[in-house]
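A closer look at the structure
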Amino acid sequence: MANGPTTYVYSGSNKRGQSVKGEISAISILEAKSLLRRRGVSARRVKKLVKPFFGKGGEKIKAKDISVLSRQIATMLGAGVTLIQTIDMIAQGHNNVSMRKMLGEIGNEVKAGNPLSSSLRKHPLHFDDLYCDLVETGEQSGALETIYDRIALYQEKAEALKSKIKKAMFYPIAVVVVATIVTVILLVFVVPQFEEIFSSFGAELPAFTQFVLGISRFVQDYGVFLAAGMFGIGMLFARAHNKSKKLRDSVDAKILKVPVIGQILEKASVARFSRTLATTFAAGVPLMSALDSAAGAAGNAIFRDAILFVKKEVSGGVQMNVAMRATGVFPPMVTQMIAIGEEAGAVEDMLSKIATIYEAEVDDMVDGLTSLLEPMIMAVLGVVIGGLIIAMYLPIFEMGAIV
């Protein structure tokens, strides 16, 4: 094909004579009309979708969109709808233009006789190797419906875990940002007004007030340069972080040592490892490939390297629980449960239980962190804002005492 699918808008009537309109993805306008006829739509008008020069184009496809898509496919396949019909129906009902276009491309590939897994591999930004490998396993075993149910469950759990971690990070960061903005406004606009009043006193100001006035002058004179410098350093660090694997690994190692936050991330990595391995085991993926997928989904360089070490040891004939214990990364309870699972021949069930336990622990720790941070942040805000107010009114109080 020289050109990729194009989005066309159409209007017409269905088999019941009801007016319908929408969008459809096809290689040409002739193919678009042919696809509409197969769906029982008598099209009166079909034309190419013209995107406006100004305004919002297609929305970005998010991980949550792929999670919802997986659940929709699992549900519709379970209801007996064919794969091609499933993809077409989901594409037609989706509000996201980018999602409709991608599903149109995948649907055309499948209609041409290509396996779904190979069609998904052409969109690596949205369907990773683990996702495609699981779909391929489902196609080969003839159990795509069952596999998609497991994929949907896995992605829902992964998204829930990601949401919990974001919740743990967002609240304190948001409060600190707001506190910083309020403090800067006070120092730049409010404190100078008091300084003009104090200049008429003709008396020496308290040390604390002089200290705050000095900070205010510094922020007024150098605040822009300080903010620009911090922004520049942040951009350079982000760029170096994206390019340097060594820096990313170093950051991952250090963040695990941060009190509370490190423990949450550690438990989240264990939960991701267990959930990924349980899902791949259930789908019949070979152990070595499953460990590769688990290493990629761990979310932290320390756990990634530990899982790759486990893979190397297991390929040499070592039991998985022994290899995991040798890394010194996995908690004793996890290695013990894996050992029990290996002895009983129920590793998949044991991994699912580990994932459930650690996902619940992450949830509890996030709620506990939020409860702990709320009074601490309020106290810090009270000290900072209250300190500024006291510093400004202290000379007035002293003048009142003298009078």
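The structure under discussion appears in the preceding block.
Figured I'd write up the structure that's included with this text. All residue numbers refer to position in the chain's written sequence, counted from 1. Only residues with pLDDT of at least 70 get local features here, since the model is predicted, and only at 80 or more are side-chain atom pairs given and counted; chain-wide, interface and lining totals rely on the full set of residues. No hydrogens and no water enter the side-chain calculation; it runs on all heavy atoms of the structure.

Quick notes on helix α13 (residues 320-327)
Turn by turn, an α-helix covers 3.6 residues, leaving residues three or four places apart pointing in a common direction. Using a 1.4 Å probe on the protein chains alone, a residue whose accessible area is under 20% of its type maximum counts as buried, one over 50% counts as exposed, and one in between counts as partly exposed. Only DSSP runs of H or I with at least four residues qualify as helices, and only runs of E with at least two residues qualify as strands; both kinds are numbered from the N terminus onward. Taken residue by residue, α13 has M320, N321, A323, M324 and T327 as its buried positions. End-on, the buried residues of α13 take up no more than an arc of 160 degrees, which puts them together on one face. G328 lies just past α13 and shows a positive phi near 70 degrees. The arc under discussion is defined with respect to the helix axis, by the directions toward the C-beta atoms.

A short note on the pattern of salt bridges
We define a salt bridge as a contact between a side-chain nitrogen of Lys or Arg and a carboxyl oxygen of Asp or Glu at a distance within 4 Å. Under the defined criterion, the tally for this structure stands at 13 salt bridges. Put simply, K122 and E109 hold a salt bridge, and the shortest N to O gap is 3.0 Å. Pair noted here: K122 is in the loop between α5 (116-120) and α6 (129-141) and E109 is in helix α4 (residues 97-111), with a separation of 13 residues, a long-range link. Owing to a relative accessible area of 16%, E109 belongs among the buried residues under this scheme. Where D249 meets K245, a salt bridge forms, and the shortest distance between an N and an O atom there is 3.0 Å. Here D249 pairs with K245, and both are found in helix α9 (residues 245-255), just 4 residues apart, close to one helical turn. On the basis of relative accessibility, which here comes to 17%, the residue D249 falls in the buried class. In this structure, a network of salt bridges that share partners links the residues K245, D249, R304 and D305.

Notes on a nonpolar patch on the surface
Patch building starts from residues that exceed 30% relative accessible area and form no salt bridge, then joins like charges within 9 Å and nonpolar side chains (Val, Leu, Ile, Met, Phe, Trp, Tyr) within 5 Å. What sets the accessible areas is the Shrake-Rupley method with a 1.4 Å probe; for residues, cover comes only from the shown protein chains. There is a patch of nonpolar side chains on the surface, built from I173, V177, I181, I185, F189 and V190 and spanning about 550 Å² of accessible area. Structurally, I185 can be placed in helix α7 (residues 144-198). For I185, a relative accessible area of 41% gives the class partly exposed.

Focus: the packing of aromatic side chains
Paired rings are identified among Phe, Tyr and Trp, the last through its six-membered ring, by centres lying within 6.5 Å, and are further divided according to the angle between planes into stacked (under 30 degrees), edge-to-face (over 60) and tilted (the rest). Considering all chains together, one arrives at 6 aromatic pairs under this definition. Ring centres of F273 and F330 lie 5.1 Å apart, and the angle between their planes is 45 degrees; on these two criteria the pair is classed as tilted. Taken together, the residues span a long stretch of sequence, with F273 in helix α10 (residues 261-283) and F330 in the loop between α13 and α14 (332-344) at a distance of 57 residues. Here F273 matches F330 in class, with each residue buried. Relative to F330, the ring of F303 lies with its centre 5.8 Å away and its plane at 80 degrees, an arrangement referred to as edge-to-face. Here F303 is found in helix α12 (residues 301-315), whereas its partner F330 is found in the loop between α13 and α14, with 27 residues between them in sequence. Judged on exposure class, the residue F303 and its partner F330 are both buried.

Section: unusual backbone geometry
Of note, the phi angle at V260 is positive, near 65 degrees, even though the residue is not glycine. Position of V260 relative to the elements: it lies in the loop between α9 and α10.

Describing the sheet that holds strand β2 (residues 19-26)
Strand order in the open sheet formed by 3 strands is β2-β1-β3, and the pairing between neighbours is antiparallel. For this open sheet the edge positions go to β2 and β3 (42-48), each flanked by a neighbour on one side alone. Strand-to-strand twist across the sheet, computed as the mean angle between neighbouring axes with direction ignored, equals 25 degrees. Where strand β1 (residues 6-13) meets β2, 8 bridges bridge the pair, whose relative direction is antiparallel. Bridge assignment links G12 to a residue of β2, and that residue is V20. On the sheet, helix α1 (residues 29-38) packs against β1, β2 and β3 and is oriented at approximately 130 degrees with respect to β2. In this analysis, strands are considered paired if DSSP registers two or more bridges between them. All axes here are fitted lines through C-alpha atoms, helices being fitted over the stretch that makes contact, and every angle between N-to-C directions spans 0 to 180 degrees. In this analysis, two residues are considered to be in contact whenever any of their non-hydrogen atoms come within 4.5 Å of each other.

A look at the packing of α7 against helix α8 (residues 207-243)
The geometry of α7 relative to α8 is characterised by a closest axis approach of 10 Å and an angle of 130 degrees between their N-to-C directions. Between α7 and α8, the crossing angle belongs to the class labelled oblique. In terms of crossing hand, the pair formed by α7 and α8 is left-handed. Contacts between α7 and α8 involve L187, V188, V191, P192, E195 and F198 on the former and, on the latter, T209, V212, L213, I215, S216, R217, V219 and Q220. Oblique is the label for any angle not under 35 degrees, not over 145, and not in the 65 to 115 range, which are roughly parallel, roughly antiparallel and roughly perpendicular in turn. When the near helix sits turned anticlockwise from the far one by under a right angle, the crossing is termed left-handed; a clockwise turn instead gives a right-handed crossing.

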